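The residues making up each chain are set out below.
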Amino acid sequence: MPDNSNESPATGAASQLAAQLDEQLASFKSDLESATDEAGLYDLQVRYLGKKGSVSLLRRQMGKLSPDEKKLFGQRFNAIKGELEAGLEARRAELDAIAREAELARRVDLSAVLRGPEVGTLHPITRTWRRLEEIFGALGFDVADGPHVESADYNFDRLNILPGHPARDMQDTFFVRDREGRGGEETGLVLRTHTSPVQVRTMLGQKPPIRIIAPGTVFRRDDDATHSPMFHQIEGLYVDEGVTMADLKATLYRFVGEFFGDALALRFRPSYFPFVEPGAEFDVECVFCKKDRDAGRSASCSVCKGSGWIELGGSGMVHPAVFEACGLDPERYTGWAFGFGIDRMAMLRYGVPHLRIFFEGDLRFLEQYPC
Ligand code: FA5
């Protein structure tokens, strides 16, 4: 122990204060080492240098020192306070540098950013539908529409599909129940079985010249590998004075060329639809095996089964009875109509072998058609 017996009380107090200052400095230095973030540094600053901090409190005891001692202690106090402040500053810079280095060393997975939000795409049938509108639009056809729940009058009667015709059979048609719970033919309401009632709606609503297409959803009691109870058709109708079957063939020929991007052959086969006379089914040359044309057809073509032709739909000249039922004079006007399956066209366009897969909502299938 130092012998302080000769020292004046003031001298003892001065050295005691100085010793306490040194102690505070030492304890501060060790605390500083263990401060690892800004919050820790702030805590130290308050504990040592704040208004009630341990170092600041020592300064308040200066009053009991002699003027000379005060001066000396003041200098010592300022030096130590400076050292504490510099220590805090240096540690802060050190921690900043460590944080910066850690940030630089961090591996950023940029691919996560590049993936971006997942967006859906248009269904292949929607795209086919739009392409059909585009092609016929360029040929001067307007797009017409009609309701899914249709009157039997428009869906059948005015199209010359008279009571007793097999197409009116309950096996083919979904009849809609009315509010009283009555079903079947009694209600006069059906889910439209084809897009042809849009012909009726258009002819009742406007005078020729009429040039429309009517793409839309239709419903039938059909359910097997190649038929679905809900599918899509497109109707075409051209009515004016002097319209002939040659216009029909030219229009379909032009359409097929645009759609398949090739001048494919087209053929008509006589057929019966009650609302046209004459009526014909039309086929297009098989888009998949036409390259074998000269070499002889490939019997193994799974699409046309080696026949070389693909059936597209029905067509014909509008029946005079239909004109009459729609208020148009059959002596003055002639016209043609056609109707075919949009889904069938989508199958041909995208090389999809099964119809049902379009409607199953399986993303593994749909994602194969991304744009
Ligand atoms: C009709 O529906 C006539 N309205 C077409 C028509 C219009 C003829 C104008 C004359 C004048 P059809 O029942 O053949 O015709 O059907 C036309 C096409 O719809 C068929 O060639 C086929 O591609 C498609 N189709 C018919 N039933 C189904 C079904 N259940 N699932 C998928 N496609 C079908």
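Preceding this paragraph is the structure being described.
Residues numbered from 1 in each chain as written. Predicted model: local features only at pLDDT ≥ 70, side-chain atom pairs only at ≥ 80, totals over all residues. Heavy atoms only, no water.

Engineer: So what exactly am I meant to see when it comes to the pairing of strand β9 (residues 334-341) here?
Structural biologist: The side chains of a regular strand alternate, first on one face of the sheet and then on the other. Counting buried residues in β9 gives 7 out of 8 residues, a clear majority hidden from the surface. When strand β5 (residues 230-240) meets β9, the two strands line up antiparallel, connected through 8 bridges. Counted as the bridge partner of glutamate 235 is glycine 339 from β9. Where strand β8 (residues 309-318) meets β9, 5 bridges bridge the pair, whose relative direction is antiparallel. For glycine 316, the partnering residue across the bridge sits in β9 and is alanine 337. (Buried < 20%, exposed > 50% of the residue type's maximum accessible area, 1.4 Å probe, protein only. Helix = DSSP H or I, 4+ residues; strand = E, 2+ residues; numbered from the N terminus. Pairing = 2+ DSSP bridges.)

Engineer: It is not clear to me how the nonpolar core should be interpreted in this structure. Could you clarify?
Structural biologist: Across soluble globular proteins, you tend to see nonpolar side chains buried next to one another. Phe255, Val256, Phe260, Val284, Trp336, Phe338 and Phe340 are the most contacted members of the largest nonpolar core, which totals 42 residues. Taken together, the elements giving at least two residues each to this core come down to α6 (124-138), β5, α9 (245-260), β7 (276-285), β8, β9, α11 (342-350) and α12 (363-366). Counting 25 residues, the second-largest nonpolar core is a separate cluster that includes Phe175, Val200, Ile210 and Ala337. (Core = buried A, V, L, I, M, F, W, Y, C linked by side-chain atoms within 4.5 Å.)

Engineer: Even after reading the chapter, I still don't get the sheet that holds β9, so can you show me in this structure?
Structural biologist: Strand order in the open sheet made by the 7 strands is β1-β4-β5-β9-β8-β7-β6, with mixed pairing throughout. Every interior strand has two partners, whereas the edge strands, β1 (142-143) and β6 (266-270), have only one.

Engineer: What's the story with the packing of helix α2 (residues 38-49) against helix α4 (residues 67-105) in this structure? I'm lost.
Structural biologist: Packed helix pairs are characterised by how far apart their axes lie and by the angle those axes make with each other. Between α2 and α4, whose axes approach to 10 Å, the crossing angle comes to 175°. Considered as vectors, α2 and α4 are oriented roughly antiparallel to each other. Counting all contacts with α2, which are made through Glu38, Leu41, Leu44, Gln45, Tyr48 and Leu49, the residues of α4 involved are Lys81, Leu84, Glu85, Leu88, Arg91, Arg92 and Leu95. Partitioned by chemical class, the residues of the contact of α2 with α4 number 7 nonpolar, 1 polar and 5 charged. (Axes fitted to C-alpha atoms, helices over the stretch in contact; angles between N-to-C directions. Parallel < 35°, antiparallel > 145°, perpendicular 65-115°, else oblique. Contact = heavy atoms within 4.5 Å. Nonpolar A, V, L, I, M, F, W, Y, C, P; charged D, E, K, R; others polar.)

Engineer: When you look at the packing of α6 against α11 in this model, what are you seeing that I'm missing?
Structural biologist: Contact geometry of α6 with α11 gives a least axis separation of 9 Å together with a crossing angle of 100°. When the axes of α6 and α11 are compared, the pair comes out roughly perpendicular. On α11, the residues touching Pro124, Ile125, Arg127, Thr128, Trp129, Arg131 and Leu132 of α6 are Ile342, Asp343, Met345, Ala346, Arg349 and Tyr350. Residue composition of the contact of α6 with α11, grouped by class: 8 nonpolar, 1 polar and 4 charged.

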